Structure formats: C-alpha cells, structure tokens
Amino acid sequence: MSEGNLTPAAERLLDAAMRLFAERGYDRTTVGEIQEAAGLTFGSGALYKHFPTKEAVLAAGVDRFVEAARTERKLLTELDDQPLVNALHAIGRLAMSAFDRQSDALRIAWRDLESFPDLQEKVRSERIRATFDDFSSWFRRQAELGRAEFDDGQAVAAVALSSLAFFQLLKHMMHDTPGGVSEERFLDAWTAMIAATTT
C-alpha cells in the first residue's frame, strides 16, 4: 500500500510509529506501543490489518519523507521571476519549515536507517541527491536568465544546502544551533552570503 493511499487508521498508526521511532529508536519501539499510541489496544494486532510488518510502517514513513521533498522541489520553478535575494530567502525559509515539519523522519533517517540499506539508499538518492540536483539546476537556470553569476554553481549549491541541513540537524538532534544563533539570523546571513557568492 503506497503512503498516498493509506486509510485514516493507517495514517494514525504511521504518525504514531514515526513519533515513537524518533523518540525511542526503531529497535526499541514495539508494535504494541505503536498501536497504543495510535489509540488502539496494545495487544490487538490491529497494525497488521494495515501494514504487513513493523518495517513496512518504517518504509511508509520513508516514502512520505521522500515524497514531501519531491512536492517542495516543484516550488523552485515558481521563484524564477523573483529577485535572486528574495528567491534565496524563500528557498531557505521553505527548507527550514520542511525540516521542522519532518523532524521525526529526519531523526530516523539520520540515526536508524543503517540497518535498512534499501531505505537509506532511497533517502540518499530520492531526497538528498534529488534535492541537490534540482537546486543545482535552479542555480544554473538563474545564470542562464542573467540573474546570477558564479564559477562553480554545483559547489555553491552543495555549500548552500549542506549549511541549511547542518543547522537543522543540530537543532533537532542536539537541541542547539551553531553558536546559539537564531533561525532568523541564520537565514538572513545564509541568504546574504549565497547571494554575494552568485552575483
């Protein structure tokens, strides 16, 4: 069953599972605990009416994590008519908001997928690499439109995305930010630095 076709009960189970996986880790979370967190009886086996295994729940959560990024990347094309600084700020804000909304999946992907190489590869190729490729393409398009100029747009895109990701990893994994800098200050500095590098 694909994530987009889940029943409301399956969605509740998936939400509960991802929250528990993020809090406790995949291995330390039982099916009974997922059922109970979703408002079902601990030992009912209700999860298996919607997912064949606990791992299938994790896979559905990874699918949702990947699909969310795919949807967000489509917004890049809507920024071509904005001044570069405004477009960069919007991209940074979108990335920050996405990490906040998907903080459970972020923690799981960072910490728990080593034991699931297929899921780890899916996140790597369909979320991380695909996001980088689309952002790098957006940079190249800005150059073609005469709105940006750079020697190595691919490297600039890598630096830009890596810094956003690292800020959010510290925020959600360590409950801190680099230097204690607020998200707003970070985003303003990030926008100014990337804009200065590309104009």
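Details of the structure are given in the entry above.
Treat the numbers as computed from the prediction; the structure is a model and nothing was measured.

Draft legend 1. Looking closely at the overall build of the protein. Scanning the protein from terminus to terminus reveals eight helices and zero strands. Written out in order from the N terminus, the α and β elements of the protein read α-α-α-α-α-α-α-α. On the principal axes, the C-alpha backbone points of the protein span a range of 60 × 35 × 25 Å. Within the protein, the fraction of its 199 residues that count as buried is 42%. Put simply, of all contacts in the protein between residues at least 6 apart along the chain, 69% involve residues at least 24 apart. Summing over all exposed atoms, the protein offers an accessible surface of approximately 10400 Å²; the carbon and sulfur share of this is 54%. Charge centroids of the protein, computed over 23 positive and 31 negative side chains, lie 4 Å from each other.

Draft legend 2. A look at helix H4 (residues 84-101). With 18 residues, H4 extends 26 Å from end C-alpha to end C-alpha; this agrees with the ideal 26 Å at 1.5 Å per step. Among the residues of H4, those classed as buried are Leu 84, Ala 87, Leu 88, Ile 91, Gly 92, Ala 95, Met 96, Ala 98 and Phe 99.

Draft legend 3. Spotlight on the nonpolar core. By size, the foremost hydrophobic cluster in this structure holds 28 residues, and its most contacted members are Phe 21, Phe 51, Leu 58 and Leu 113. The element contributing the most residues to this core is helix H1 (residues 8-24), with nine residues. Residues contacting Leu 113, with those up to four places away along its chain left out, are Leu 58, Val 62, Ile 108, Leu 119, Gln 120 and Val 123. Counting residues in hydrophobic clusters, the runner-up holds 24 residues, among them Leu 88, Phe 139, Leu 161 and Phe 167.

Draft legend 4. Quick peek at the side chain of Arg 127. Relative to the helices and strands, Arg 127 is located in helix H6 (residues 117-144). Despite its burial, Arg 127 pairs with no opposite charge; the closest candidate is Glu 72, at 4.6 Å N-O. Engagement of the side chain of Arg 127 in a polar contact is seen with the backbone oxygen of Phe 65, the distance being 2.6 Å. Setting aside residues up to four positions removed in sequence, Arg 127 forms contacts with Phe 65, Val 66, Ala 69, Arg 73, Gln 102 and Lys 122.

Analysis parameters
- Residues numbered from 1 in each chain as written.
- Predicted model: local features only at pLDDT ≥ 70, side-chain atom pairs only at ≥ 80, totals over all residues.
- Heavy atoms only, no water.
- Helix = DSSP H or I, 4+ residues; strand = E, 2+ residues; numbered from the N terminus.
- Buried < 20%, exposed > 50% of the residue type's maximum accessible area, 1.4 Å probe, protein only.
- Contact = heavy atoms within 4.5 Å.
- Areas by Shrake-Rupley, 256 points an atom, 1.4 Å probe, with all protein chains shown as cover.
- Lys, Arg positive; Asp, Glu negative; His and termini not counted.
- Charge placed at Lys NZ, Arg CZ, Asp CG, Glu CD.
- Expected span 1.5 Å × (residues − 1).
- Core = buried A, V, L, I, M, F, W, Y, C linked by side-chain atoms within 4.5 Å.
- Salt bridge = Lys/Arg side-chain N within 4 Å of Asp/Glu carboxyl O.
- Polar contact = N/O pair within 3.5 Å; in protein donor to acceptor, adjacent residues only side chain to side chain.

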